[in-house]
Each structure stands twice: as C-alpha cells, then as structure tokens.
Amino acid sequence: MKSYHKELWFEVKTRREFINITPQVEECLAESGIQNGLLLCNAMHITASVFINDDESGLHHDYEVWLEKLAPHEPVGAYRHNGYEDNADAHLKRQVMGREVVVAVTDGKLHFGTWEQIFYGEFDGRRKKRVLVKIIGE
Ligand code: ZN
C-alpha cells in the first residue's frame, strides 16, 4: 500500500471566506501516483472547516447568512470563550461546517458526485492556516 501526505497553506485576508481547493487536492492526488484508495482532507485549525458541496455563489452567500444567524460574530461579549479572543463564533461555525472530508479515489480520480467540490471554510482569517491531505491506496 502507498501512502502520501501534504500540507496546503492558506492565508485569507478577511475574517470569513470559502475557497474551492479541489484543484490543489487533485494536484496532490496526481503527485501521489495512487490510483485506487481513500483521500482524507482536514482543516488543522479549530476555527476552519473542510467540506464538500456545490461551487455556487448564491449557496455560499446563504451559508454566510445562515451561519451568522446561528452564531453571530457580534456582540463578541455574548460568548464566554471571548476573553482574550474574539473568535467564539468561528469555533461554532467550524463545528457546523465540519472538520474533514473523505473521498474515494478511483482510477486516479476523485470519485465525486455530479456537483461535488472540496472547500476550505475560513471563519477566523487574516493569518496563515493549514489543511492536511492524506492519501492511502495502491
Ligand atoms: Zn478561540
């Protein structure tokens, strides 16, 4: 069995953003030479997510509105976590959007459903953060 891993770095200029990282993940898969197996992709920070959904700007706007309703950034004083930090909402948003995805690898390709794409979801940006890609298989 072959094994491969790589860390991808992101630095988002704003507090929150969704980035389609499918091209970078596909590059990792090509680099690995693995044809059949499993690919894990996870955020390495507790205020960021990796998730799979549609690359559609209306949906991304809807996520933003929905997550802000569930866990509004302000007032920051409303959260017990916000003593030295102001990112309690980011921890909660990350919990809802998930930590990682696992995708089957078939014949050297990500075995996606029709509209599936992999996204990095940043909820407390303006600093460098990492995503891990781990691939195992033959
Ligand atoms: Zn925090």
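Preceding this section is the structure that the text describes.
What counts as what
- Residues numbered from 1 in each chain as written.
- Predicted model: local features only at pLDDT ≥ 70, side-chain atom pairs only at ≥ 80, totals over all residues.
- Heavy atoms only, no water.
- Buried < 20%, exposed > 50% of the residue type's maximum accessible area, 1.4 Å probe, protein only.
- Helix = DSSP H or I, 4+ residues; strand = E, 2+ residues; numbered from the N terminus.
- Pairing = 2+ DSSP bridges.
- Expected span 1.5 Å × (residues − 1).
- Arc of directions from axis to C-beta.
- Contact = heavy atoms within 4.5 Å.
- Polar contact = N/O pair within 3.5 Å; in protein donor to acceptor, adjacent residues only side chain to side chain.
- Donors = N, O, S within 2.8 Å, 3.2 Å for Na, K, Ca; no water.
- Tetrahedral: all angles 85-135°; square planar, octahedral: opposite > 155°, others 65-115°.
- Axes fitted to C-alpha atoms, helices over the stretch in contact; angles between N-to-C directions.
- Core = buried A, V, L, I, M, F, W, Y, C linked by side-chain atoms within 4.5 Å.

### Let's talk about the pairing of strand S5 (residues 100–106)
Argument step 1. On S5, burial follows the alternation: Val101, Val103 and Val105 on one face are buried, whereas Glu100, Val102, Ala104 and Thr106 on the facing-out side are not.
Argument step 2. Bridge analysis of strand S3 (residues 37–43) against S5 gives 6 bridges, and the strand direction is antiparallel. Residue leucine 38 lies in a different strand from S5, and its bridge partner there is alanine 104.
Argument step 3. Where S5 and strand S6 (residues 109–110) come together, 2 bridges link them in antiparallel fashion. Within S6, the position partnered with threonine 106 by the bridge is lysine 109.

### Quick word on helix H2 (residues 57–70)
Argument step 1. Look at H2: 20 Å from first C-alpha to last across 14 residues, which is about the 20 Å you get at 1.5 Å a residue.
Argument step 2. Where H2 is concerned, the buried positions are His60, Tyr63 and Leu67. Viewed along the axis of H2, the buried residues span an arc of 50 degrees, placing them on a single side of the element. Structural note: H2 exposes His61 and Lys69 on the side pointing more than 90 degrees away from its buried face.
Argument step 3. In this structure, the buried side of H2 is in contact with strand S2 (17–20), strand S4 (48–53), helix H3 (88–97) and strand S7 (117–122).
Argument step 4. N-capping of H2 is provided by glutamate 56, with a side-chain oxygen placed 2.9 Å from the backbone N of glycine 58.

### Regarding the coordination of the zinc ion
Ideal geometry at a metal centre: 109.5 degrees between donors when four sit tetrahedrally, and 90 or 180 degrees when six sit octahedrally.
Argument step 1. Each protein donor to the zinc ion is listed here as His81 (NE2), Glu85 (OE), Asn87 (OD1) and His91 (NE2); together their distances run 2.0 to 2.3 Å.
Argument step 2. Taken together, the 4 donor atoms surrounding the zinc ion define angles of 85 to 160 degrees at the centre, an arrangement classified as irregular.
Argument step 3. Ordering the donors of the zinc ion by residue number gives the pattern H-x3-E-x1-N-x3-H.
Argument step 4. A residue is classified by how much of its surface remains accessible, and histidine 91, at 18% relative accessible area, is buried.

### A word on the sheet that holds S4
Argument step 1. The 3 strands are arranged S2-S7-S4 in an open sheet whose pairing can be described as antiparallel. The sheet terminates laterally at S2 and S4, the two strands that pair on one side only. Going from strand to strand, the sheet's axes swing by 25 degrees on average, the running direction of each strand aside.
Argument step 2. In the sheet, S4 pairs with S7 via 6 bridges, with the strands oriented antiparallel. Across the sheet, the residue bridging to alanine 48 is glutamate 122, located in S7.

### Section: the nonpolar core
Argument step 1. Grouped together as the largest cluster of nonpolar side chains are 24 residues, with contacts concentrated most on Cys41, Ile118 and Ile135.
Argument step 2. For this core, the elements supplying multiple residues, two or more each, are strand S1 (2–11), helix H1 (22–32), S3, S4, S5, S7 and strand S8 (128–137).
Argument step 3. Residues within four places of isoleucine 135 in sequence aside, it is in contact with Lys2, Ser3, Tyr4, Cys28, Leu29, Ser32, Ile34, Leu38, Leu39 and Val105.
Argument step 4. Formed by 8 residues, the second largest nonpolar core is a distinct cluster that contains Phe51, Tyr63, Leu67 and Phe119.

### Focus on the sheet that holds S1
Argument step 1. The antiparallel open sheet is built from 5 strands, whose spatial order is S1-S8-S3-S5-S6. With partners counted over all chains shown, the strands left at the sheet margins are S1 and S6, one partner each.
Argument step 2. In this structure, S1 lies alongside S8, joined through 10 bridges in antiparallel fashion. Along S8, the bridge assignment pairs serine 3 with isoleucine 136.
Argument step 3. The sheet strands contacting H1 are S1, S3, S5, S6 and S8, and the helix crosses S1 at an angle near 150 degrees.

Honestly, that's just the spatial picture; any functional story needs more than this.
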